[in-house]
Amino acid sequence: MRTTARRSAALPLLVIGGCSVEQSALHPTGAGAEQIYSLFWVMTIGGGLIFAAVLLCTLWAIYGGSGIRRTLSAEGMIYGAGVFFPAAVLSALLGYGLYLMQESAFASSPTGAPQIAVSGEMWWWRVQYRDAQGRSLESANEVHVPVGETVNLALTTKDVIHSFWAPQLAGKLDMIPGRTNMLSVTATKPGISRGQCAEYCGGAHALMSFVVVAHPADEYAQWLDGEAAPAKAPDTEREKLGQDLFLRSGCGACHAVRGTAAAGTIGPDLTHVGSRKSLGAATLNNDEASFKRWIVDNQHIKPENGMPPYRIFTEAELDALAAYLDGLA
Amino acid sequence: MSLFARHDSPVIGALFFLLWGPILWAGHLTIAYGGQALLCTLAASSADFDAATAIRLLIGVTTLASGLASVFGAVVPRLPFRLLLRRRPVDADDGTLIGIMRLLSALASLGILFAGVTTAVLPVCAQGR
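In this text, all values refer to a predicted model and were calculated from it rather than measured experimentally. (Residues numbered from 1 in each chain as written. Chains lettered and ligands numbered in written order. Predicted model: local features only at pLDDT ≥ 70, side-chain atom pairs only at ≥ 80, totals over all residues. Heavy atoms only, no water.)

I keep staring at the packing of helix α3 (residues 51-75) of chain B against helix α5 (residues 92-121) of chain B and nothing clicks. Help me out?
The angle between the axes and the distance between the axes are what describe a pair of packed helices. Residues and elements named next belong to chain B. Between α3 and α5, the shortest axis-to-axis distance is 8 Å and the interhelical angle comes to 165°. With respect to α5, the element α3 is oriented roughly antiparallel. For the element pair α3 and α5, the recorded crossing hand is left-handed. For the pair formed by α3 and α5, the contact residues are I55, R56, I59, T63, S66, G67, S70, V71, G73, A74 and V75 on the first element and M101, R102, S105, A106, A108, S109, I112, G116, T119 and A120 on the second. Here the contact of α3 with α5 is built from residues that sort into 10 nonpolar, nine polar and two charged. (Axes fitted to C-alpha atoms, helices over the stretch in contact; angles between N-to-C directions. Helix = DSSP H or I, 4+ residues; strand = E, 2+ residues; numbered from the N terminus. Parallel < 35°, antiparallel > 145°, perpendicular 65-115°, else oblique. Left-handed = near helix turned anticlockwise from the far one by under 90°. Contact = heavy atoms within 4.5 Å. Nonpolar A, V, L, I, M, F, W, Y, C, P; charged D, E, K, R; others polar.)

Which parts of the structure should I look at to understand the packing of aromatic side chains?
Centre-to-centre distance and the angle between the planes together describe a pair of aromatic rings. Residue and element names in this part refer to chain A. In total, this model carries nine aromatic pairs over all chains according to the counting rule given. Geometrically, the ring pair formed by Y37 and W41 is edge-to-face, given 6.3 Å between the ring centres and 80° between the ring planes. Of this pair, Y37 and W41 are both found in helix α2 (residues 31-63), four residues apart, which corresponds to roughly one turn of the helix. Here Y220 and W223 contribute two aromatic rings whose centre-to-centre distance is 6.1 Å and whose plane-to-plane angle is 25°, an arrangement assigned as stacked. Note that Y220 and W223 are positioned in helix α5 (residues 217-228) at a spacing of three residues, about one turn of the helix. In this structure Y220 comes out as buried when scored by relative accessible area, which is 8%. We classify W223 as buried; its relative accessible area is 16%. When the ring centre of W165 is taken as reference, the NZ or CZ atom of K172 above it lies at 4.6 Å. (Phe/Tyr/Trp six-rings, centres within 6.5 Å; stacked < 30°, edge-to-face > 60°. Buried < 20%, exposed > 50% of the residue type's maximum accessible area, 1.4 Å probe, protein only. Lys NZ or Arg CZ within 6 Å of the ring centre and 35° of its normal.)

Explain the environment of R69 of chain A to me, please; I cannot follow it from the model alone.
Residue and element names in this part refer to chain A. On the secondary structure map, R69 appears in helix α3 (residues 66-72). Overall, R69 belongs to the partly exposed group, its relative accessible area being 38%. Residues R69 and C57, 12 residues apart in the sequence, show an inter-C-alpha distance of 9.3 Å. Setting aside chain neighbours within four positions, we find R69 in contact with A61, I62 and G64. Within the local environment of R69, its side chain forms a polar contact with the backbone oxygen of I62, the two atoms lying 3.5 Å apart. (Polar contact = N/O pair within 3.5 Å; in protein donor to acceptor, adjacent residues only side chain to side chain.)

I tried to follow the pairing of strand β3 (residues 136-140) of chain A on my own but got confused; where do I start?
Walk down a regular strand and you will see the side chains alternate between the two sheet faces. All names here are of chain A. With respect to burial, β3 is a largely interior element, four of its five residues being buried. Relative to β3, strand β2 (residues 124-130) runs antiparallel, the two sharing five bridges. By the bridge assignment for β3, V127 is matched with S139. Between β2 and β3, which pair antiparallel and follow one another directly, the connecting turn spans five residues, one of which, G134, has a positive phi of 85°. (Pairing = 2+ DSSP bridges.)

Here it is in C-alpha cells:
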C-alpha cells in the first residue's frame, strides 16, 4: 500500500521532468522540428475536438430525449458522421502529412551544404565535420551547426542500430549497420539543446545523449577554426604532469589528442574535450571532478562502456590528469 | 436464421462477399509493400535497374485494379452477391449483408487510394526510419 502511494507520488515528478525545455520537441529551434510541432498541435487539437464531439453525442444519446436519439441514429447521421466525416478528415491529414514529409523527411539533401558525419557507437557519438574548404576534423558527443544554413548529417553506426534524435532540431532518423542515412537539418535559432539515442541499443542506451549547439554563422566559423587547431599545450606544471601521465599510461592507444603522440581512434577524440558542454555523452558535467570520477569509476557511471576503470593513479596524479584534460579547451 | 447460415447458399461465399473490399485492400497492401521491398532490393544490387519506374508501374496497376474492383463492389453489389452466394438477394437479411458489404468496400476503396497516392507522391526506396 505504502509502495503504491510512493509510486503514485513519484508519477507527477516524471510528468514534470518531461517539461524540461532542453530536450523538448515542444520548443522547436529547427525547421524540421517546427513542422513536427505544427503537426502535433493540428493532430492534438483536431483529435481533442472530435473526441469531445463523440463524448457529447454519447451523453446526448444516454440522457437526451427520444427526439435527440432519433436524430443521432438516423441513417444520414451515421453515414455523415461515421463514414464521410472520418474519410474527409483522414484524407486531409494524409495530404498534410505527405506535404510535410516531402518538405522535411524526404527533402533531398542540398549539394554543397556543410556535411557532418555522425556515427553511433555503444554508447557515444563520433562526430566528424567537413567544411566547404574540405577541412576535416573529429569531435565527440556534440553536434555544432550554423543557424540559418542547411547542414547534411550523414548518419551511420559502428555496431548496433541507434537512432539520432535531436528533438528541438528535427525528427529522428535510425542509424542502421551498413547504411548511411542522410538527415538535412536547419537550425532557426541559436542556442544549446540536447539529443538522445532513440533506439534501444544495449545497457547504457539511456546514457547515450549528446548536445546540439546552434551558432550564428560567424561564430560557427570561429568555432570550427578553433576545433580544427591542435590541442592547447599544457600551461602549468600540474597540466604538464597530467599530459605526461596521459601519454605514458597508454591513454593514447584509444584516444587522440591532435598535436601530441596520442592518436587512438577507438574512443572519443579528446583534442578539445575541455571545451565540451559535458562528459560521457552528456552524462556528467565537464569539470575536473567529473574527469577524476570518469577515469576511476566510469563503469559505475556508464556500465559496460568500452573504457576500463583506471585505479592505478595516486590522488595527486589523478588531479594532474584531470587538470590536463580539463585544460584541453 | 442468421445472415450466414442459409441452407441455399455457401457460408464461405457469404463471408467472402461481406469482406469483398477488405480482401482486395489486403491484397493491394501485400503487393504494394512486398513488391516495393523486393524491387528496392533488386535495385540495390543492380545499378541498371530502374526501381522507381517499376514500382510506380506495379503499384499504379495494382491500385487501379483493386480500387476499381472495390468501387465496383460498392456500386454494383448484386453481381458479386450472385457470383459468391450463387443466388439472388431475396429478403431483409440479404439487404443488411449488402449494406455492410457496400460500406466496407467504400472504406477499403479509400484505403487503397491512400496507399496508392502515397507511393506516387513520396520517393520510392527511401531510407529506412
